[in-house]
Amino acid sequence: MVAPLIELQSVSKCFRAQRTRQETWAIRDVSLNIGEGEFLCLLGPSGCGKSTILDMLAGFEGPTEGRILIAGEPVGRPGPDRGVVFQDASLFPWLSVIDNVTFAPRLSGVAPSTYRAQALELIEKMGLGGFENHAPYELSGGMRQRVAIARAWISNPRILLMDEPFGALDAQTRLEMQETLLAARGQAVSTVLFVTHDIEEALFLADRVAVMSRRPGRITLDIPIPFPRPRCYEALIADPAFSRLKQDIVRILRQEIVARRETDRA
Ligand SMILES: Nc1ncnc2c1ncn2[C@@H]1O[C@H](COP(=O)(O)OP(=O)(O)OP(=O)(O)O)[C@@H](O)[C@H]1O
Ligand SMILES: [Mg+2]
């Protein structure tokens with residue numbers, strides 16, 4: 001059997017608050033494998049540790065317990081093999097759109113002639129044509145997020161880590177971005193870990209959906225999404241199998257949210 005590209009082996013993460021020193025276990029005993037070229041969506045209630053998993057894969061945080069491997073090696077520092085889109089756009093505020101998008105290739109000393117045309121094409125594809133020289137504060141929230149996506153894509157990373165990247169977009173733009181993401185994947189296959197609150201988005205995009213429990217997060221459901229590709233959104237939402245899967249996931253997430261309220265009250 002081929003080894004998975006990403007392996008989380010019984011991973012737990014505990015944070016200690018700076019002021020109170022209080023400990024919070026963000027995730028407990030999470031085991032998850034993602035194969036090369038697979039698109040996995042991670043769903044779960046707020047605060048269950050989704051961003052924590054993403055941050056550890058990106059190399060910003062280490063696990064408290066367990067191991068995280070990429071291609072069989074423990075995760076090191078952030079690197080060009082992993083493109084990250086954060087929950088908030090996190091652009092460099094002092095850099096223009098084009099300088100934000102080309103940040104990684106410029107840092108690694110690639111000649112501008114090799115990446116500039118690609119950057120402009122990506123900016124155009126993201127609907128940001130004409131805004132190349134604008135500063136982030138001159139863009140809307142959704143536009144900033146699209147710059148962040150272009151910045152992650154420019155290096156054709158082997159792994160894309162996306163934390164609710166389309167959460168701030170209106171429904172129409174979100175659908176366009178989802179389609180762009182699927183089309184881009186068709187050209188350069190990369191493995192994607194995609195965090196979202198939106199069940200329909202997960203079902204539209206993913207090969208597999210993993211649902212997490214409330215904090216400390218564990219994986220409570222891990223299901224393959226059987227719809228063939230290329231997928232058409234309109235056809236998918238009219239498919240009874242889509243509604244059934246959606247209902248199953250809604251039920252499980254609702255149980256988690258009710259259970260969290262009861263724990264919080266206790
Ligand atoms: N740097 C940190 N220091 C202390 N606690 C943290 C830190 N990062 C996350 N946490 C805690 O870990 C838990 C999980 O947070 P995380 O951001 O991973 O949740 P999430 O599932 O991404 O939630 P959301 O859907 O709201 O984005 C939370 O209780 C949070 O307070
Ligand atoms: Mg988060």
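Going by the structure above, here's the rest.
Before going into details, it helps to say that this report is about the structure given with it. The structure displayed is predicted, hence computed values, not measured ones.

A separate point is the sheet that holds strand β5 (residues 73–74). Spatial ordering of the open sheet is given by β2-β1-β4-β5, a layout of four strands whose pairing is antiparallel. Edge strands, defined here as strands with exactly one partner in the open sheet, are β2 (23–34) and β5. Where strand β1 (residues 6–16) lies against β2, eight bridges are found, and the strand directions are antiparallel. Bridge assignment links I6 to a residue of β2, and that residue is I34.

Here we take up the environment of H134. The residue H134 is located in the loop between α4 (112–125) and α5 (141–153) in this model. For the pair H134 and I98, spaced 36 residues apart in the sequence, the C-alpha separation amounts to 8.4 Å. If near-sequence neighbours (up to four positions away) are discounted, H134 is found in contact with S96, V97 and L139.

Counted at 1.5 Å a residue, the expected span for α5 with its 13 residues is 18 Å, and the 19 Å between its end C-alpha atoms agrees. Buried residues dominate α5, accounting for 11 of its 13 residues. Restricting attention to buried positions, one finds in α5 the residues G142, M143, Q145, R146, V147, A148, I149, A150, R151, A152 and W153.

Listed as protein donors to the magnesium ion (ligand 2) are S51 (OG) and Q87 (OE1); their distances from the metal cover 2.0 to 2.4 Å. Placement of S51 in helix α1 (residues 50–58) and of Q87 in the loop between β6 (82–85) and α2 (97–101) is noted, with a sequence separation of 36 residues between them. Taking the relative accessible area as the measure of exposure, Q87 reaches 44% and is therefore partly exposed.

Residue R215 is joined to P216 through a cis peptide bond whose omega torsion reads -10 degrees. Of note, P216 is situated in the loop between β9 (208–212) and β10 (219–224). Cis geometry marks the peptide bond from R229 to P230; its omega dihedral reads -5 degrees. Note on placement: P230 falls in the loop between β10 and α8 (233–237). Positive phi values are uncommon outside glycine, yet N156 reaches one of about 45 degrees. Structurally, N156 is set in the loop between α5 and β7 (159–163).

Tracing the chain through its elements places I219 in strand β10. A sequence separation of 191 residues divides I219 from R28, and the C-alpha atoms of the two residues are 9.4 Å apart. In this structure I219 touches V30, S31, L32, L42, A210, V211 and M212, once residues within four positions along its chain are discounted.

What counts, and at which threshold
- Here the residue index of a chain counts from 1 through its sequence in written order.
- Chains and ligands are labelled sequentially in the order written, the chains with letters from A and the ligands with numbers from 1.
- Whole-chain, interface and lining totals are the exception, using all residues; otherwise, since this is a predicted model, local features are given only for residues with pLDDT of at least 70 and side-chain atom pairs are given and counted only at 80 or more.
- Hydrogens and waters are ignored; side-chain quantities use all the structure's heavy atoms.
- Two strands qualify as a pair provided that DSSP identifies no fewer than 2 bridges between them.
- For helices the rule is a DSSP run of H or I covering at least 4 residues; for strands it is a run of E covering at least 2, with both sets numbered from the N terminus onward.
- Any two residues whose heavy atoms approach within 4.5 Å are treated as being in contact.
- Expected helix span is computed as 1.5 Å times (number of residues minus one).
- Here's how the labels work: a residue is buried when its accessible area is under 20% of the maximum for its type, exposed when over 50%, partly exposed in between, all with a 1.4 Å probe on protein chains only.
- Listed donor atoms are N, O and S within 2.8 Å of the metal (Na, K and Ca: 3.2 Å). As water is not included, a site may look incomplete.

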